[in-house]
Amino acid sequence: METNWTQVGVLADIPQKGSRVLNSKDGDVAVFRTSKDEVFALFDQCPHKKGPLSQGIVYDKRVACPLHNWVIDLGSGEATGPDEGCTRSFATKVEDGVVFIAL
Amino acid sequence: MKEKLVLIGNGMAGMRTLEELLKLAPDKYQISVFGDEPYGNYNRIMLSPVLAGEKTINDIMINDLQWYEDNDVTLYSGQRVSKIDRIKRRVMTDDGLVVEYDRLLLATGSKPFMLPLPGADLPGVISFRDIADVDTMIDTAKSHNKAVVIGGGLLGLEAANGLMIQGMDVTVVHISDTLMNMQLDKTASDMMLNELKGKGLKFLMQHESATIEGKDRVERLTFKDGSHVDADLLVMAVGVRPNATLAQSAGIHCKRGIVVDDTMQTFDPRVYAVGECVQHRGSTFGLVAPLFEQAKVCANHLAQMGIARYMGSVTSTKLKVTGIDLFSAGNFIGDDDSDDLVFKDAARFVYKKLVIKNDQLIGAVLYGDTVDSAWYFQLMRDGTDVSSIRENMLFGQHHLGDSGHGASNAVDGLPDEAEICGCNGVCKGDIVQAISKHNLFTLDEVKAHTKASASCGSCTGLVEQLLASTLGSDFNDTPSKKAICGCTGMTHNEVKTAITEQQLKTIAEVMQALEWQNPDGCHSCRPALNYYLLSTWPNEYVDDQQSRFINERVHANIQKDGTYSVIPRIWGGVTNPRELRAIADISDKYNVPTVKITGGQRIDLLGIKKDDLPKMWADLSEAGFVSGHAYGKSLRTVKTCVGSEWCRFGTQDSTGLGIKVEKMTWGSWTPHKFKIAVSGCPRNCAEATIKDFGIVCVDSGYELHVGGNGGIKVRATDFLCKVKTEEEAMHYCAAFMQLYREDGHYLERTAPWIERVGLKSVQAQIVDDEANRNQLAQRFYDSQKNAQNDPWAEEVAKQPQKYIPIKQVG
């Protein structure tokens, strides 16, 4: 099946080591940009207590949840050990500085 | 092609080094491990509980055979390396197996010292070192009755206790009149002797062994004085010696142990050594904590990161011998120039002795009540000036005039379902189980696995006690130096010094110069570095927004549902109908669900959506409000009482002074939040004596108080000094805040900061030294020049897009 890409916006609008939120009808999606300009997208809820991951501190390919510092892997959405839990992740791509996400 | 690493010694130090190495450089080496014993790596300090029947061998395995397979490590178990050929770079076993290496790691541990007595080779004469010894003891206990243990040290007493639990009649033979004479003084030893006798152990003190006699196996032990004791089993526990035989035979420089430098390298640069087999700066090792520190350093060099140094460890012994609490550290005997503080309650079996020299704690022995051991150890390590707490320090940290949550102690008697961590609802049973199941050794590991003490930290002492009592034996829970986070081995002080000395001006520069292990840092170190740079280079450093916690990034406090709270500044807690009307109107406009009066005399608007923040701030700005910084590691509020303007008891204008102080200090960033209060008389209605800086007005002037805290652990302020005028009070306030900003560690409140550096040092720099006070205050005023801009107004003007979604779909 062909992936259905949704245009998010331009890469420059997301701060490095930061995130912006995409409102969707199924809930918020956090779109992250790393220090190396990789882009990741996660459902904006920590698997622990639903904290908004978009508001966390980003480093490497991880984000620390702002509520209780669970550290979530941006690629897989999995909590890094020893915490256990997973939040949904979405495929992303960047073309000519424009960010797309597969919702 | 991968380089070849060979580890000789499948014990705790060597394997810990491998684990650390695999974390740093998982694919660098092809690794082989040789071990004499036919097992994986087990937790040797847990042998005593195995002997006592509390644990099984399986319980104490750290790396089972599966682990070696999973990590692609070849284990040659039960194989003894008999030769190292350093020229051809290969090792050879008894069986003729040859394995080549590029790097060799020696972790051959120690050997029990066996007294060279006639008959020492008889069956039934053993040491207490490995699983085989424990098996012999348990088997012997099934068919024989009388056991004798030579050596009244830690290991000997643990062996004796275990054998007694296995049903044997046990006699401990000791050469001096003091048990554990390396750790205890005579008084503590006598108390322990009484308690152990009460449990059924027998003792022959000041007895020197002469010969071991018996036909087919040991039957008795005779002494120099001609007397004797019958024995079916004789355990020698008279100490251990570094096992350096193999290294010696390979021509590697050894003294008592294998000599290593600060990088854990031996005299052969391809050969490293860690653990009980080494001699570092003249010391040999027997406790687990130094071994783990060495492992970390060694792994760092094996991974060729080349930045860590092992500088030796300040060690303490905190142990559980047969349900008896003991702690000892440093020079606990003292000398001609030292003073002893002694507390003794023989009926409760409690004894404490602190040795003080030049106003510093240099040694401690605690028996029966070891709750404060971590605190005493910290005071020793930090070299804190203890003169101001001397009269109360013997009674423990909780008796420094304060109380509060976390004051309960002694976890042993608690049931498994007792809640230890009130923040995260973690019970004693959960913690004990996690320690055993996941083989946890440190407080940080327990925090990560259970969340206990990971929030407010008030139960840290209890968790440390549980670690000590669960791990038992010679577990040492206090590393000699605490790194900022996992990204670096450096402490807060080392990083701060480097920033100043090397003129590092950005986070990237710091990370590069100090060789951070993760290029982006992490959520612990980045905010700390951002603060240190900000406080070291005020008016110059450009704040890194992405290194700030969300609250400081969006100038509001995040709540559990992802909404925010907004608290405008209300100077000195004084407001008026116009302001109140504005707040009411704004609350209506944005449908604020909860309006709450705070403890700091302000008004909290809760449940604000992120998108609404800039709009609300614009409205608040228009009404004349600025940010209250209720979200920041910065000045929070200045609480006041009504003072002489209205109060019939007021001695000075506390409200007016509070407003002036707040106007002077607002907008300043500090290591942690900073609260001030001004009370108009000693009735102290503004509660100034639990604030970071408190002013209590009196008829003749102003009393200045510092380092109070009304939070997790209530701490009343220390009295700094008394001044005559408002101007002086404000000047001292500026100097004190600046000293704290420059000297405090990030996330260290003034209370623990003052306890770390000592009140005397703060007084010396602020009260006694006028020039220094003026300089501190001047640096404060200078850094405030560009700090007092309302962040709310700035954000509204500069970056409103930060607060709105990038896009809406569907």
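Residues numbered from 1 in each chain as written. Chains lettered and ligands numbered in written order. Predicted model: local features only at pLDDT ≥ 70, side-chain atom pairs only at ≥ 80, totals over all residues.

Trainee: Mind showing me how you'd approach the overall build of chain A here?
Mentor: When you go through chain A residue by residue, the secondary structure sums to zero helices and 10 strands. Helices and strands in chain A line up, N terminus first, as β-β-β-β-β-β-β-β-β-β. Its C-alpha atoms give chain A principal-axis dimensions of about 35 × 30 × 20 Å. Here chain A holds 103 residues, and the buried ones make up 40% of them. Pairs at least 24 residues apart make up 40% of the contacts formed inside chain A by residues separated by at least 6 positions. (Helix = DSSP H or I, 4+ residues; strand = E, 2+ residues; numbered from the N terminus. Buried ≥ 20, exposed ≤ 12 C-beta atoms within 10 Å, placed from the backbone. Contact = placed C-beta atoms within 7 Å.)

Trainee: What exactly am I supposed to notice about the overall build of chain B here?
Mentor: A count of helical and extended segments in chain B gives 25 helices and 39 strands. Here the C-alpha radius of gyration of chain B, 31 Å, is about what a compact globule of 810 residues would show, namely 28 Å. Taking the principal axes of its C-alpha atoms as reference, chain B extends roughly 100 × 65 × 55 Å. Summarising the internal contacts of chain B: among those between residues at least 6 apart in sequence, 64% fall at separations of at least 24. (Rg over C-alpha atoms; globule rule 2.2 N^0.38 Å.)

Trainee: For this particular structure, what's the right way to read the confidence of the model for chain B?
Mentor: Close reading of the predicted structure is inappropriate where its pLDDT is low. Residues and elements named next belong to chain B. Per-residue confidence for chain B gives a mean pLDDT of 90, with 96% of residues at or over 70. The model gives residues 402-408 a pLDDT under 50, and that stretch makes 17 contacts with residues more than four places away or in other chains. Here the complex is predicted with pTM 0.74, and the ipTM for its interfaces comes to 0.93. (pLDDT = per-residue confidence, 0-100.)

Trainee: What should I look at first to understand the interface of chain B and chain A in this one?
Mentor: If you look at the interface, chain B gives 20 residues, while chain A gives 30 residues. Those elements that provide at least two residues to the side of chain B that touches chain A are helix H12 (443-450) and strand S39 (807-808) of chain B. Residue composition of the side of chain B that touches chain A, grouped by class: eight nonpolar, eight polar and four charged. (Nonpolar A, V, L, I, M, F, W, Y, C, P; charged D, E, K, R; others polar.)

Trainee: I tried to follow the environment of Leu606(B) on my own but got confused; where do I start?
Mentor: All names here are of chain B. Mapped onto the elements of the fold, Leu606 is located in strand S33 (residues 603-608). Taking the number of C-beta atoms within 10 Å as the measure of exposure, Leu606 has 16 and is therefore partly exposed. Placed 45 residues apart in sequence, Leu606 and Asp561 show a C-alpha to C-alpha distance of 11 Å.

Trainee: How should I be thinking about the environment of Thr140(B) in this particular structure?
Mentor: Residue and element names in this part refer to chain B. Mapping Thr140 onto the fold places it in helix H4 (residues 131-143). With 28 residues separating them in the primary sequence, Thr140 and Met168 have C-alpha atoms 9.2 Å apart. Excluding its chain neighbours within four sequence positions, the residues that come into contact with Thr140 are Gly124, Asp232 and Leu233.

Trainee: Would you mind showing me how to read the nonpolar core here?
Mentor: Across soluble globular proteins, nonpolar side chains show a tendency to be buried alongside one another. Ranked by size, the top nonpolar core spans 132 residues in total, and within it Val149(B), Leu234(B), Ile258(B), Ala273(B) and Val274(B) carry the most contacts. Of the residues forming this core, the biggest block, nine residues, is contributed by helix H8 (residues 288-302) of chain B. For Ile258(B), the residues in contact, after removing those within four places along its chain, are Leu106(B), Ala244(B), Ala247(B), Ile252(B), Thr266(B), Ala273(B), Cys277(B), Val278(B) and Gln279(B). Listed in part, the 68 residues of the second largest apolar core include Val29(A), Leu67(A), Ile484(B) and Met490(B). (Core = buried A, V, L, I, M, F, W, Y, C linked by C-beta atoms within 7 Å.)

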